[in-house]
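Residues per chain are reported as follows:
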Amino acid sequence: MLFALLLAVTVGSKQFTESVILGEIVRQTLEHQGVPAEHKRELGGTRVLFDALIGGDIDVYPEYTGTLAEELLHGAPVEEGLRKQGLRMSKPLGFSNTYAIGVRKETAARLGLHKLSDLARHPNLRLGFSNEFMQRKDGWPRIREAYHLAAQPTGLDHDLAYRAMKEGKIDATDLYSTDAEIEAYGLVLLEDDAHAFPDYRAVLLSRADLPALHALEGAIDQQTMIDLNAAVRLRHLSETEAAAQFVQRRFGGAAVSHEESRALRIVRRTKEHLFLVGVSLFGAALFGIPLGILAARRRRLGKVVLGLTGLLQTIPSLAILVFMIPLLGIGTWPAIAALFLYALLPIVRGAHQGLTGIPRELRESAEALGLPPFARLRRVELPMASPAILSGIQIAAVISVGTATLGALIGAGGYGQPILTGIRLADTSIILEGAAPAALLAIAVQGLFELLERVFVSKGLRL
(Lines give C-alpha, C1' and ligand atoms only; values in the text may rest on other atoms or scores of the structure.)
Protein backbone atom coordinates (compact mmCIF):
# COMPACT_ATOMS: atom_id res chain seq x y z
CA MET A 1 0.00 0.00 0.00
CA LEU A 2 1.26 3.45 -1.02
CA PHE A 3 0.97 4.98 2.44
CA ALA A 4 1.44 1.84 4.48
CA LEU A 5 4.00 3.40 6.79
CA LEU A 6 1.86 6.42 7.63
CA LEU A 7 -0.29 6.50 10.73
CA ALA A 8 -2.42 9.39 9.52
CA VAL A 9 -2.36 12.21 6.99
CA THR A 10 -3.61 15.69 7.84
CA VAL A 11 -5.15 17.48 4.85
CA GLY A 12 -5.63 21.25 4.90
CA SER A 13 -7.77 23.56 2.80
CA LYS A 14 -8.20 27.30 2.32
CA GLN A 15 -11.28 29.30 3.14
CA PHE A 16 -13.10 28.98 -0.17
CA THR A 17 -15.39 26.31 -1.58
CA GLU A 18 -13.15 24.78 -4.23
CA SER A 19 -10.27 24.32 -1.81
CA VAL A 20 -12.56 22.62 0.73
CA ILE A 21 -13.94 20.29 -1.95
CA LEU A 22 -10.42 19.36 -3.09
CA GLY A 23 -9.36 18.83 0.52
CA GLU A 24 -12.28 16.44 0.99
CA ILE A 25 -11.42 14.63 -2.26
CA VAL A 26 -7.86 14.13 -1.02
CA ARG A 27 -9.05 12.88 2.37
CA GLN A 28 -11.56 10.46 0.91
CA THR A 29 -9.09 9.22 -1.72
CA LEU A 30 -6.58 8.45 1.02
CA GLU A 31 -9.22 6.61 3.02
CA HIS A 32 -10.25 4.73 -0.13
CA GLN A 33 -6.62 3.55 -0.29
CA GLY A 34 -6.75 2.48 3.34
CA VAL A 35 -4.87 5.46 4.77
CA PRO A 36 -6.30 7.21 7.87
CA ALA A 37 -6.75 10.91 7.13
CA GLU A 38 -8.34 13.98 8.62
CA HIS A 39 -9.30 17.25 6.96
CA LYS A 40 -8.65 20.57 8.68
CA ARG A 41 -10.88 22.76 6.56
CA GLU A 42 -11.05 26.50 6.00
CA LEU A 43 -7.78 27.33 7.75
CA GLY A 44 -7.48 30.77 6.21
CA GLY A 45 -5.49 32.17 3.31
CA THR A 46 -2.49 31.08 1.29
CA ARG A 47 0.26 32.04 3.72
CA VAL A 48 -1.45 30.37 6.68
CA LEU A 49 -1.66 27.04 4.81
CA PHE A 50 1.89 27.27 3.47
CA ASP A 51 3.35 28.04 6.90
CA ALA A 52 1.25 25.25 8.44
CA LEU A 53 2.68 22.81 5.89
CA ILE A 54 6.25 23.89 6.58
CA GLY A 55 5.62 23.71 10.32
CA GLY A 56 4.21 20.18 10.12
CA ASP A 57 0.69 21.10 11.26
CA ILE A 58 -0.68 19.69 8.01
CA ASP A 59 0.78 17.22 5.50
CA VAL A 60 -0.86 18.21 2.21
CA TYR A 61 -3.19 20.83 0.76
CA PRO A 62 -4.42 21.93 -2.70
CA GLU A 63 -2.58 24.86 -4.25
CA TYR A 64 -2.14 26.56 -7.62
CA THR A 65 1.04 26.98 -9.67
CA GLY A 66 0.56 30.71 -10.18
CA THR A 67 0.19 31.24 -6.44
CA LEU A 68 3.32 29.22 -5.76
CA ALA A 69 5.42 31.11 -8.29
CA GLU A 70 4.14 34.62 -7.63
CA GLU A 71 3.04 34.77 -4.01
CA LEU A 72 4.96 32.11 -2.10
CA LEU A 73 8.28 31.68 -3.91
CA HIS A 74 8.48 35.22 -5.34
CA GLY A 75 9.54 34.23 -8.83
CA ALA A 76 12.11 31.59 -7.83
CA PRO A 77 12.06 28.23 -9.70
CA VAL A 78 9.16 26.31 -8.17
CA GLU A 79 10.70 22.85 -7.82
CA GLU A 80 13.95 24.20 -6.37
CA GLY A 81 12.15 26.60 -4.02
CA LEU A 82 9.91 23.85 -2.67
CA ARG A 83 12.80 21.43 -2.23
CA LYS A 84 14.62 23.95 -0.04
CA GLN A 85 11.52 24.12 2.17
CA GLY A 86 11.25 20.32 2.40
CA LEU A 87 8.14 20.29 0.21
CA ARG A 88 7.05 18.72 -3.06
CA MET A 89 4.42 19.45 -5.70
CA SER A 90 2.29 16.88 -7.49
CA LYS A 91 1.63 16.84 -11.20
CA PRO A 92 -1.39 19.00 -12.16
CA LEU A 93 -4.78 17.67 -11.14
CA GLY A 94 -6.16 18.43 -14.59
CA PHE A 95 -7.71 21.91 -14.46
CA SER A 96 -6.67 25.54 -14.17
CA ASN A 97 -8.40 28.07 -11.96
CA THR A 98 -7.06 31.42 -12.98
CA TYR A 99 -8.03 34.81 -11.64
CA ALA A 100 -10.45 36.78 -13.82
CA ILE A 101 -12.37 40.03 -13.57
CA GLY A 102 -16.11 39.68 -14.14
CA VAL A 103 -18.93 42.14 -14.78
CA ARG A 104 -22.66 41.74 -15.31
CA LYS A 105 -23.80 41.31 -18.92
CA GLU A 106 -25.83 44.52 -18.87
CA THR A 107 -22.82 46.47 -17.53
CA ALA A 108 -20.55 45.03 -20.22
CA ALA A 109 -23.06 45.85 -22.96
CA ARG A 110 -23.79 49.37 -21.68
CA LEU A 111 -20.14 50.39 -21.31
CA GLY A 112 -18.62 48.29 -24.06
CA LEU A 113 -16.45 46.24 -21.71
CA HIS A 114 -14.69 43.30 -23.35
CA LYS A 115 -11.09 43.47 -22.13
CA LEU A 116 -9.41 44.45 -18.89
CA SER A 117 -7.84 47.39 -20.68
CA ASP A 118 -11.38 48.78 -21.17
CA LEU A 119 -11.60 49.40 -17.41
CA ALA A 120 -9.18 52.32 -17.70
CA ARG A 121 -11.85 54.25 -19.66
CA HIS A 122 -14.26 54.02 -16.73
CA PRO A 123 -12.52 55.18 -13.52
CA ASN A 124 -15.87 55.58 -11.75
CA LEU A 125 -16.73 51.88 -11.92
CA ARG A 126 -17.45 50.39 -8.48
CA LEU A 127 -14.84 47.67 -8.04
CA GLY A 128 -15.23 45.16 -5.21
CA PHE A 129 -12.34 42.72 -4.81
CA SER A 130 -11.67 39.97 -2.28
CA ASN A 131 -9.36 41.03 0.52
CA GLU A 132 -6.69 38.51 -0.46
CA PHE A 133 -6.81 39.63 -4.11
CA MET A 134 -6.32 43.23 -2.96
CA GLN A 135 -3.04 42.32 -1.23
CA ARG A 136 -1.54 39.64 -3.46
CA LYS A 137 1.23 40.68 -5.86
CA ASP A 138 -0.46 38.70 -8.63
CA GLY A 139 -3.82 40.34 -7.86
CA TRP A 140 -4.95 43.96 -7.77
CA PRO A 141 -1.41 45.47 -7.64
CA ARG A 142 -0.53 43.54 -10.81
CA ILE A 143 -3.56 44.55 -12.89
CA ARG A 144 -3.52 48.12 -11.55
CA GLU A 145 0.00 48.51 -12.90
CA ALA A 146 -0.53 46.51 -16.09
CA TYR A 147 -3.68 48.38 -17.11
CA HIS A 148 -2.97 51.79 -15.49
CA LEU A 149 -6.16 51.72 -13.43
CA ALA A 150 -6.98 54.65 -11.16
CA ALA A 151 -10.11 53.31 -9.45
CA GLN A 152 -10.16 52.66 -5.68
CA PRO A 153 -11.68 49.20 -5.12
CA THR A 154 -13.49 48.09 -1.98
CA GLY A 155 -12.33 44.96 -0.14
CA LEU A 156 -14.89 42.28 0.76
CA ASP A 157 -15.26 38.54 1.14
CA HIS A 158 -15.04 36.63 -2.16
CA ASP A 159 -18.33 34.82 -1.68
CA LEU A 160 -20.19 37.97 -0.67
CA ALA A 161 -18.99 39.68 -3.86
CA TYR A 162 -21.37 37.58 -5.95
CA ARG A 163 -24.28 38.74 -3.84
CA ALA A 164 -23.11 42.34 -4.19
CA MET A 165 -22.88 41.88 -7.98
CA LYS A 166 -26.36 40.39 -8.13
CA GLU A 167 -27.81 43.28 -6.12
CA GLY A 168 -26.01 45.87 -8.25
CA LYS A 169 -23.90 47.24 -5.40
CA ILE A 170 -20.62 46.74 -7.28
CA ASP A 171 -19.86 46.69 -11.01
CA ALA A 172 -16.86 44.34 -11.20
CA THR A 173 -15.12 41.82 -9.00
CA ASP A 174 -12.36 39.22 -9.07
CA LEU A 175 -13.49 35.69 -9.90
CA TYR A 176 -12.04 32.22 -10.14
CA SER A 177 -12.50 30.78 -13.61
CA THR A 178 -14.04 27.56 -12.21
CA ASP A 179 -16.70 29.37 -10.15
CA ALA A 180 -20.15 27.99 -10.90
CA GLU A 181 -21.74 31.40 -10.26
CA ILE A 182 -20.20 32.85 -13.43
CA GLU A 183 -22.73 31.05 -15.60
CA ALA A 184 -25.50 31.03 -13.00
CA TYR A 185 -25.43 34.83 -12.58
CA GLY A 186 -24.76 35.55 -16.25
CA LEU A 187 -21.41 37.27 -15.72
CA VAL A 188 -18.95 38.26 -18.42
CA LEU A 189 -15.23 37.60 -17.96
CA LEU A 190 -13.04 40.38 -19.29
CA GLU A 191 -10.15 39.28 -21.49
CA ASP A 192 -6.73 39.60 -19.84
CA ASP A 193 -5.28 41.25 -22.96
CA ALA A 194 -2.01 42.22 -21.22
CA HIS A 195 -1.59 38.66 -19.87
CA ALA A 196 -1.17 39.98 -16.33
CA PHE A 197 -2.38 36.82 -14.61
CA PRO A 198 -0.08 33.76 -14.55
CA ASP A 199 -1.25 30.19 -15.11
CA TYR A 200 -3.00 28.70 -12.06
CA ARG A 201 -2.93 24.93 -12.55
CA ALA A 202 -4.25 23.03 -9.54
CA VAL A 203 -1.72 20.79 -7.78
CA LEU A 204 -1.26 19.16 -4.41
CA LEU A 205 1.46 20.62 -2.22
CA SER A 206 2.84 18.23 0.39
CA ARG A 207 5.76 17.47 2.62
CA ALA A 208 8.65 15.88 0.73
CA ASP A 209 8.56 12.74 2.90
CA LEU A 210 4.89 12.12 2.06
CA PRO A 211 4.48 9.67 -0.86
CA ALA A 212 2.91 11.33 -3.90
CA LEU A 213 -0.82 10.92 -4.38
CA HIS A 214 -0.67 9.90 -8.05
CA ALA A 215 -4.30 8.77 -8.14
CA LEU A 216 -5.57 12.36 -8.48
CA GLU A 217 -3.04 13.60 -11.04
CA GLY A 218 -4.94 14.53 -14.21
CA ALA A 219 -8.16 13.23 -12.67
CA ILE A 220 -10.19 16.47 -12.46
CA ASP A 221 -10.82 18.36 -15.69
CA GLN A 222 -12.15 21.91 -15.95
CA GLN A 223 -15.81 21.03 -16.35
CA THR A 224 -15.68 18.47 -13.52
CA MET A 225 -14.38 21.11 -11.13
CA ILE A 226 -17.04 23.59 -12.24
CA ASP A 227 -19.70 20.90 -11.68
CA LEU A 228 -18.33 20.11 -8.21
CA ASN A 229 -18.42 23.80 -7.29
CA ALA A 230 -21.97 24.04 -8.64
CA ALA A 231 -23.06 21.02 -6.59
CA VAL A 232 -22.05 22.85 -3.41
CA ARG A 233 -22.72 26.47 -4.28
CA LEU A 234 -25.93 26.08 -6.27
CA ARG A 235 -27.43 22.69 -5.35
CA HIS A 236 -26.42 23.04 -1.68
CA LEU A 237 -24.69 19.70 -1.26
CA SER A 238 -22.03 19.67 1.42
CA GLU A 239 -18.41 19.56 0.29
CA THR A 240 -18.20 16.10 1.84
CA GLU A 241 -21.13 14.81 -0.23
CA ALA A 242 -19.86 16.34 -3.47
CA ALA A 243 -16.38 14.90 -2.92
CA ALA A 244 -17.86 11.49 -2.06
CA GLN A 245 -19.75 11.38 -5.35
CA PHE A 246 -16.56 12.19 -7.28
CA VAL A 247 -14.48 9.59 -5.43
CA GLN A 248 -17.17 6.99 -5.99
CA ARG A 249 -17.29 7.70 -9.74
CA ARG A 250 -13.52 7.76 -9.98
CA PHE A 251 -12.57 4.72 -7.94
CA GLY A 252 -15.81 2.77 -7.59
CA GLY A 253 -17.09 1.12 -4.44
CA ALA A 254 -18.94 2.87 -1.63
CA ALA A 255 -18.46 6.58 -1.04
CA VAL A 256 -16.47 7.47 2.07
CA SER A 257 -18.27 10.61 3.21
CA HIS A 258 -18.64 10.28 7.00
CA GLU A 259 -21.21 13.09 7.00
CA GLU A 260 -22.26 13.92 10.57
CA SER A 261 -25.80 14.71 11.58
CA ARG A 262 -26.48 18.29 12.64
CA ALA A 263 -26.98 17.24 16.27
CA LEU A 264 -23.63 15.44 16.39
CA ARG A 265 -21.91 18.42 14.76
CA ILE A 266 -23.33 20.80 17.36
CA VAL A 267 -22.27 18.49 20.20
CA ARG A 268 -18.75 18.22 18.80
CA ARG A 269 -18.48 21.97 18.22
CA THR A 270 -19.76 22.62 21.74
CA LYS A 271 -17.01 20.46 23.22
CA GLU A 272 -14.40 22.27 21.13
CA HIS A 273 -15.75 25.68 22.07
CA LEU A 274 -15.96 24.87 25.77
CA PHE A 275 -12.36 23.64 25.71
CA LEU A 276 -11.14 26.85 24.06
CA VAL A 277 -13.03 29.09 26.48
CA GLY A 278 -12.45 26.98 29.59
CA VAL A 279 -8.68 26.55 29.27
CA SER A 280 -8.02 30.16 28.24
CA LEU A 281 -10.27 31.55 30.99
CA PHE A 282 -8.66 29.37 33.67
CA GLY A 283 -5.21 30.51 32.57
CA ALA A 284 -6.28 34.16 32.46
CA ALA A 285 -7.75 33.96 35.96
CA LEU A 286 -4.64 32.18 37.25
CA PHE A 287 -2.43 35.01 35.98
CA GLY A 288 -4.87 37.92 36.00
CA ILE A 289 -5.88 37.87 39.67
CA PRO A 290 -2.26 37.99 40.96
CA LEU A 291 -1.54 40.76 38.44
CA GLY A 292 -4.57 42.66 39.76
CA ILE A 293 -3.31 42.22 43.32
CA LEU A 294 0.13 43.45 42.28
CA ALA A 295 -1.41 46.46 40.52
CA ALA A 296 -3.41 47.33 43.65
CA ARG A 297 -0.42 46.97 46.00
CA ARG A 298 2.14 48.75 43.80
CA ARG A 299 0.46 51.84 42.40
CA ARG A 300 3.16 52.87 39.93
CA LEU A 301 3.68 49.34 38.71
CA GLY A 302 -0.09 48.97 38.60
CA LYS A 303 -0.37 51.70 35.99
CA VAL A 304 2.08 49.79 33.79
CA VAL A 305 0.22 46.48 34.26
CA LEU A 306 -3.18 48.03 33.49
CA GLY A 307 -1.71 49.90 30.53
CA LEU A 308 -0.18 46.78 29.00
CA THR A 309 -3.29 44.64 29.46
CA GLY A 310 -5.38 47.48 28.06
CA LEU A 311 -3.07 47.69 25.06
CA LEU A 312 -3.74 44.02 24.31
CA GLN A 313 -7.45 44.83 24.00
CA THR A 314 -6.75 47.40 21.28
CA ILE A 315 -5.12 44.81 18.99
CA PRO A 316 -7.71 43.21 16.67
CA SER A 317 -8.39 39.63 17.75
CA LEU A 318 -7.76 38.32 14.23
CA ALA A 319 -4.32 39.93 14.25
CA ILE A 320 -3.46 38.26 17.56
CA LEU A 321 -4.49 34.90 16.09
CA VAL A 322 -2.21 35.43 13.10
CA PHE A 323 0.68 36.55 15.35
CA MET A 324 0.36 33.30 17.29
CA ILE A 325 0.71 31.04 14.23
CA PRO A 326 4.54 31.34 13.87
CA LEU A 327 4.91 30.63 17.59
CA LEU A 328 2.37 27.84 18.12
CA GLY A 329 1.32 26.72 14.65
CA ILE A 330 -2.35 26.34 13.79
CA GLY A 331 -5.19 24.72 15.70
CA THR A 332 -6.30 24.84 19.31
CA TRP A 333 -3.32 26.25 21.21
CA PRO A 334 -2.73 29.49 19.30
CA ALA A 335 -6.46 30.21 19.68
CA ILE A 336 -6.26 29.53 23.42
CA ALA A 337 -3.21 31.81 23.71
CA ALA A 338 -5.04 34.63 21.92
CA LEU A 339 -8.15 34.19 24.10
CA PHE A 340 -5.94 34.16 27.20
CA LEU A 341 -4.46 37.55 26.26
CA TYR A 342 -7.88 39.02 25.51
CA ALA A 343 -9.31 37.83 28.83
CA LEU A 344 -6.57 39.38 30.97
CA LEU A 345 -7.81 43.00 31.03
CA PRO A 346 -11.27 42.49 32.60
CA ILE A 347 -9.85 40.06 35.17
CA VAL A 348 -6.88 42.27 36.11
CA ARG A 349 -9.09 45.36 36.23
CA GLY A 350 -11.76 43.58 38.28
CA ALA A 351 -9.24 42.45 40.90
CA HIS A 352 -7.59 45.87 40.94
CA GLN A 353 -10.85 47.78 41.36
CA GLY A 354 -12.13 45.36 43.97
CA LEU A 355 -9.04 45.71 46.13
CA THR A 356 -8.56 49.46 45.74
CA GLY A 357 -12.25 50.00 46.49
CA ILE A 358 -12.06 48.54 50.00
CA PRO A 359 -12.70 51.34 52.54
CA ARG A 360 -9.59 52.54 54.39
CA GLU A 361 -11.14 51.99 57.82
CA LEU A 362 -11.58 48.29 57.11
CA ARG A 363 -7.94 47.98 56.11
CA GLU A 364 -6.88 49.80 59.27
CA SER A 365 -9.09 47.55 61.40
CA ALA A 366 -7.41 44.48 59.93
CA GLU A 367 -3.98 45.94 60.63
CA ALA A 368 -5.03 46.80 64.19
CA LEU A 369 -5.91 43.15 64.77
CA GLY A 370 -2.29 42.29 64.03
CA LEU A 371 -2.94 40.27 60.90
CA PRO A 372 0.13 39.85 58.69
CA PRO A 373 -0.16 41.10 55.08
CA PHE A 374 -0.88 37.69 53.50
CA ALA A 375 -3.52 36.86 56.13
CA ARG A 376 -5.17 40.26 55.57
CA LEU A 377 -5.25 39.58 51.86
CA ARG A 378 -6.68 36.09 52.22
CA ARG A 379 -9.17 36.70 55.05
CA VAL A 380 -10.28 40.29 54.50
CA GLU A 381 -9.30 41.88 51.21
CA LEU A 382 -10.01 39.08 48.72
CA PRO A 383 -13.42 38.27 50.25
CA MET A 384 -14.28 41.98 50.16
CA ALA A 385 -13.11 42.23 46.54
CA SER A 386 -14.75 38.97 45.43
CA PRO A 387 -17.81 40.60 43.75
CA ALA A 388 -15.55 42.71 41.52
CA ILE A 389 -13.23 39.78 40.81
CA LEU A 390 -16.14 37.51 39.82
CA SER A 391 -17.56 40.29 37.70
CA GLY A 392 -14.26 40.63 35.84
CA ILE A 393 -14.05 36.88 35.21
CA GLN A 394 -17.68 36.88 34.05
CA ILE A 395 -17.00 39.66 31.53
CA ALA A 396 -13.90 37.81 30.30
CA ALA A 397 -15.90 34.59 29.92
CA VAL A 398 -18.66 36.21 27.87
CA ILE A 399 -16.09 37.98 25.66
CA SER A 400 -14.23 34.69 25.18
CA VAL A 401 -17.37 32.86 24.07
CA GLY A 402 -17.82 35.36 21.25
CA THR A 403 -14.16 35.82 20.33
CA ALA A 404 -13.52 32.05 20.27
CA THR A 405 -15.58 31.81 17.07
CA LEU A 406 -12.62 33.38 15.25
CA GLY A 407 -10.50 30.39 16.23
CA ALA A 408 -12.06 28.49 13.33
CA LEU A 409 -9.97 30.64 10.99
CA ILE A 410 -6.85 28.79 12.15
CA GLY A 411 -8.33 25.33 12.57
CA ALA A 412 -9.36 25.52 16.22
CA GLY A 413 -12.94 24.41 15.53
CA GLY A 414 -15.76 25.50 17.79
CA TYR A 415 -18.89 27.39 16.83
CA GLY A 416 -16.98 29.57 14.39
CA GLN A 417 -16.64 26.71 11.90
CA PRO A 418 -20.32 26.57 10.85
CA ILE A 419 -20.51 30.37 10.94
CA LEU A 420 -17.64 30.67 8.45
CA THR A 421 -19.06 27.90 6.28
CA GLY A 422 -22.53 29.46 6.33
CA ILE A 423 -21.18 32.86 5.31
CA ARG A 424 -19.19 31.27 2.50
CA LEU A 425 -22.20 29.35 1.21
CA ALA A 426 -24.73 32.11 1.99
CA ASP A 427 -26.69 29.55 4.03
CA THR A 428 -28.46 31.04 7.04
CA SER A 429 -29.26 27.64 8.55
CA ILE A 430 -25.57 26.74 8.73
CA ILE A 431 -24.73 30.16 10.22
CA LEU A 432 -27.36 29.60 12.92
CA GLU A 433 -25.83 26.20 13.64
CA GLY A 434 -22.92 28.10 15.15
CA ALA A 435 -24.40 31.49 16.07
CA ALA A 436 -27.41 30.20 18.05
CA PRO A 437 -25.43 27.81 20.32
CA ALA A 438 -22.79 30.55 20.84
CA ALA A 439 -25.48 32.99 21.99
CA LEU A 440 -27.04 30.36 24.26
CA LEU A 441 -23.64 29.52 25.72
CA ALA A 442 -22.97 33.20 26.48
CA ILE A 443 -26.33 33.42 28.29
CA ALA A 444 -25.57 30.20 30.19
CA VAL A 445 -22.13 31.51 31.22
CA GLN A 446 -23.69 34.71 32.53
CA GLY A 447 -26.26 32.73 34.52
CA LEU A 448 -23.55 30.44 35.90
CA PHE A 449 -21.55 33.37 37.29
CA GLU A 450 -24.65 34.88 38.85
CA LEU A 451 -25.18 31.56 40.60
CA LEU A 452 -21.53 31.44 41.71
CA GLU A 453 -21.89 34.93 43.14
CA ARG A 454 -24.85 33.81 45.22
CA VAL A 455 -22.93 30.78 46.48
CA PHE A 456 -19.51 32.31 47.20
CA VAL A 457 -20.24 35.97 47.95
CA SER A 458 -21.97 36.88 51.18
CA LYS A 459 -25.35 38.57 50.93
CA GLY A 460 -24.07 41.74 52.54
CA LEU A 461 -21.37 42.18 49.90
CA ARG A 462 -23.83 41.47 47.08
CA LEU A 463 -26.09 44.22 48.38
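Residues numbered from 1 in each chain as written. Predicted model: local features only at pLDDT ≥ 70, side-chain atom pairs only at ≥ 80, totals over all residues. Heavy atoms only, no water.

(A) The environment of L425, seen in detail. Mapped onto the secondary structure, L425 falls in helix α18 (residues 416-425). Ignoring anything within four residues of it in the chain, the contact list for L425 reads T17, V232, R233, E239 and I430. (Helix = DSSP H or I, 4+ residues; strand = E, 2+ residues; numbered from the N terminus. Contact = heavy atoms within 4.5 Å.)

(B) Structural detail: the side chain of E24. Here E24 lies in helix α1 (residues 17-32). With residues near it in sequence (within four places) discarded, E24 still touches H39, R41, E239, T240 and A243.

(C) Structural detail: the pairing of strand β8 (residues 172-176). Of all the 5 residues making up β8, 5 are buried; the element is thus mostly covered by neighbouring parts of the structure. As paired elements, strand β5 (residues 99-104) and β8 share 5 bridges and run antiparallel to each other. Bridge pairing in β8 places A100 opposite L175. (Buried < 20%, exposed > 50% of the residue type's maximum accessible area, 1.4 Å probe, protein only. Pairing = 2+ DSSP bridges.)

(D) Region of interest: empty space enclosed by the protein. Applying the stated criterion across every chain yields a total of 3 cavities of 30 Å³ or more. Of the voids in this model, the largest cavity is the one considered here, and its volume is about 120 Å³. Taken together, K14, F16, T46, Y64, T67, N97, Y99, E132, R136, Y176 and Y200 make up the lining of the largest cavity. Class assignment of the residues belonging to the lining of the largest cavity gives a composition of 5 nonpolar, 3 polar and 3 charged. If you add up the space inside the second largest cavity, you get close to 80 Å³. (1 Å grid on protein atoms, 1.4 Å probe; cavity = no way out; pocket = protein on both sides within 12 Å on 5 of 7 lines; lining within 4 Å. Points joined across faces, edges and corners; volume = space filled by probe spheres on them. Nonpolar A, V, L, I, M, F, W, Y, C, P; charged D, E, K, R; others polar.)

(E) Seen up close, the confidence of the model for the chain. For the chain, the mean per-residue pLDDT works out to 87, and 94% of the residues sit at or above 70. The spread of mean pLDDT over the elements of the chain runs between helix α20 (residues 459-462), the lowest at 60, and strand β3 (residues 60-64), the highest at 95. The model gives residues 1-5 a pLDDT under 50, and that stretch makes 11 contacts with residues more than four places away or in other chains. (pLDDT = per-residue confidence, 0-100.)

(F) Geometry of the pairing of strand β2 (residues 37-40). The alternating pattern of β2 places A37 and H39 on a buried face, while none of E38 and K40, on the opposite face, is buried. Relative to β2, strand β1 (residues 9-12) runs parallel, the two being bridged by 4 bridges. Note that in β2 the partner of V9 across the bridge is A37. Handedness of the crossover joining β1 and β2 through α1: right-handed. (Right-handed = clockwise from strand over helix to strand, strands pointing away.)

(G) View of the sheet that holds β5. Pairing is antiparallel in the open sheet, where 3 strands are placed in the order β8-β5-β9. The strands lining the two open edges of the sheet, one partner per strand, are β8 and β9 (187-189). In this sheet, adjacent strand axes meet at a mean angle of 45 degrees when their direction is disregarded. The pairing of β5 with β9 spans 3 bridges and is classified as antiparallel. The residue of β9 that forms the bridge with G102 is L189. Where helix α8 (residues 158-166) meets the sheet, its contacts fall on β5, β8 and β9, and the angle it forms with β8 comes to roughly 135 degrees. (Axes fitted to C-alpha atoms, helices over the stretch in contact; angles between N-to-C directions.)

(H) A look at the pattern of salt bridges. Taken as a whole and assessed by the stated rule, the structure comprises 22 salt bridges. Note that R201 is salt-bridged to D199, the shortest N-O span being 3.2 Å. Classification of D199 as partly exposed rests on a relative accessible area of 42%. Three or more residues joined by partner-sharing salt bridges are found here, namely E24, R27, E31, R41 and E239. (Salt bridge = Lys/Arg side-chain N within 4 Å of Asp/Glu carboxyl O.)

(I) How the structure looks around the packing of aromatic side chains. Counting across every chain of the model gives 11 aromatic pairs. Seen in terms of ring centroids, Y99 and F197 are 5.9 Å apart; in terms of plane orientation they differ by 45 degrees. Their pairing is tilted. Here the residue Y99 occupies a position in strand β5, and F197 occupies one in the loop between β9 and β10 (202-207), the gap between them amounting to 98 residues. Among the residues examined, Y99 registers a relative accessible area of 5% and is labelled buried. What makes F197 buried here is its relative accessible area of 11%. Pairwise contacts between aromatic rings join F16, Y99, F129, F133, W140, Y176, F197 and Y200 into one cluster. (Phe/Tyr/Trp six-rings, centres within 6.5 Å; stacked < 30°, edge-to-face > 60°.)

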